[in-house]
Amino acid sequence: MSIKQNLQNIKASLPDHVALVAVSKTKPVSDLMEAYHAGQRIFGENKIQEMVEKHETMPKDIEWHMIGHVQSNKVKYMASFVHLIHGVDNFKLLKEINKQALKHDRVIDCLLQIKIASEDSKFGMTPNEASEIIKSEMFSELKNIKIVGLMGMATFTNDENWVKKEFNYLKDTFENLKLTSADNYQLNTISMGMSGDYQLAINCGSTMVRIGSSIFGERNYSI
Ligand SMILES: *Cc1c(COP(=O)(O)O)cnc(C)c1O
């Protein structure tokens, strides 16, 4: 099936309150443009350099989401245009995003990544760490970032009950942290669900799904 057709099928299956991030990492601009012409405006990349290059050549009404692990020293390259950073997992990174956003006189929306998977390879903080950051004095001084939600990646397994447990854990964490808010902190987004598990994620309360291979086809990392 074509990219356009894949997109239309997925969109038709999403409830209105769920946003679709088309994960276009490793894919050529021509593929992204096919999705763009089919109406898609939110794209997710996991490497800053690749996102910067695509941003430069593509239409400027696209919302670029950084969904990968972010190194502090690379924040400056995307600070002028990034729409949402999903993978914020430590305070030092928040501070750097704030500093770079200030240079561009803007506020950058961020999601805190919570570690919900049992795999060591997945990044993220514990709900307690997230809560401590949000309550801290240092955090309240960051005026050029806004925490708008949480992000999580489930364990890579066929055990649906296991994945469901992890998604529910993220949803519970979201509901707890949502009880308080501040100028730079107001939760409304739960980014969870990928090609293999997005329907389950939506059933568990996801408001933003990140879908790559079901739209663009399998990725080939060797080229
Ligand atoms: C690659 C990636 C996705 C999309 O994965 P698919 O299985 O291709 O849908 C979603 N989220 C993150 C963080 C990713 O790195």
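Residues numbered from 1 in each chain as written. Predicted model: local features only at pLDDT ≥ 70, side-chain atom pairs only at ≥ 80, totals over all residues. Heavy atoms only, no water.

## Considerations on the site of the ligand
Right, on to step 1. Lining the immediate surroundings of the ligand are V23, K25, I67, M151, M153, M194, S195, R210, I211, G212, S213 and R219.
Right, on to step 2. With the chains in place, 90% of the 390 Å² that the ligand exposes on its own is no longer accessible.
Right, on to step 3. Of the residues assigned to the shell around the ligand, the class counts are six nonpolar, three polar and three charged. (Near = heavy atom within 4 Å. Areas by Shrake-Rupley, 256 points an atom, 1.4 Å probe, with all protein chains shown as cover. Nonpolar A, V, L, I, M, F, W, Y, C, P; charged D, E, K, R; others polar.)

## Remarks on the packing of aromatic side chains
Right, on to step 1. In this structure the tally under the stated criterion is two aromatic pairs.
Right, on to step 2. Centroid distance F43 to W64: 5.8 Å. Interplanar angle 35°. Geometry classified as tilted. Here F43, found in strand β2 (residues 42-45), pairs with W64, found in strand β3 (residues 63-66); they are 21 residues apart in sequence, far enough to count as distant. Judged on exposure class, the residue F43 and its partner W64 are both buried.
Right, on to step 3. For the pair F139 and Y185, a centre-to-centre distance of 6.5 Å together with 80° between the ring planes defines the contact as edge-to-face. Taken together, the positions of F139 in helix α7 (residues 137-140) and Y185 in strand β7 (residues 185-191) put the pair 46 residues apart, joining distant regions of the chain.
Right, on to step 4. With relative accessibility at 1%, the residue F139 sits in the buried group.
Right, on to step 5. The class for Y185 is buried, based on a relative accessible area of 1%. (Phe/Tyr/Trp six-rings, centres within 6.5 Å; stacked < 30°, edge-to-face > 60°. Helix = DSSP H or I, 4+ residues; strand = E, 2+ residues; numbered from the N terminus. Buried < 20%, exposed > 50% of the residue type's maximum accessible area, 1.4 Å probe, protein only.)

## Some thoughts on the pattern of salt bridges
Right, on to step 1. With the rule as written, the count across this model stands at four salt bridges.
Right, on to step 2. Put simply, D61 and R41 hold a salt bridge, and the shortest N to O gap is 3.1 Å. Taken together, the residues D61 in the loop between α3 (48-57) and β3 and R41 in the loop between α2 (29-37) and β2 connect sequence positions 20 residues apart.
Right, on to step 3. With relative accessibility at 30%, the residue R41 sits in the partly exposed group.
Right, on to step 4. Each member of the salt-bridge network shares a partner with another, and the members are E45, E50 and K54. (Salt bridge = Lys/Arg side-chain N within 4 Å of Asp/Glu carboxyl O.)

## Considering the UniProt feature "domain: Alanine racemase N-terminal" (unreviewed entry) in the chain
Right, on to step 1. UniProt's feature table lists "domain: Alanine racemase N-terminal" (unreviewed entry) at residues 2-219, given in the numbering used throughout.
Right, on to step 2. The distance separating the terminal C-alpha atoms of residues 2-219 is 15 Å; by composition the span is 40% helix and 19% strand. (UniProt positions renumbered as here; feature names shortened; annotations may be inferred.)

## Some words on the side chain of H55
Right, on to step 1. Structurally, the position occupied by H55 is in helix α3.
Right, on to step 2. You can call H55 buried: its relative accessible area is 17%.
Right, on to step 3. Once residues within four sequence positions are removed from consideration, H55 is found in contact with K60, W64 and F81. (Contact = heavy atoms within 4.5 Å.)

## Section: the side chain of S195
Right, on to step 1. Among the secondary structure elements, S195 is positioned in the loop between β7 and α9 (198-203).
Right, on to step 2. Side chain to side chain, S195 and S213 meet in a polar contact 3.4 Å long.
Right, on to step 3. Of note is the side chain of S195, whose polar atom sits 3.1 Å from the backbone nitrogen of S214.
Right, on to step 4. Sequence-distant contacts of S195, that is, excluding residues within four places in its chain, are made with R210, I211, G212, S213 and S214. (Polar contact = N/O pair within 3.5 Å; in protein donor to acceptor, adjacent residues only side chain to side chain.)

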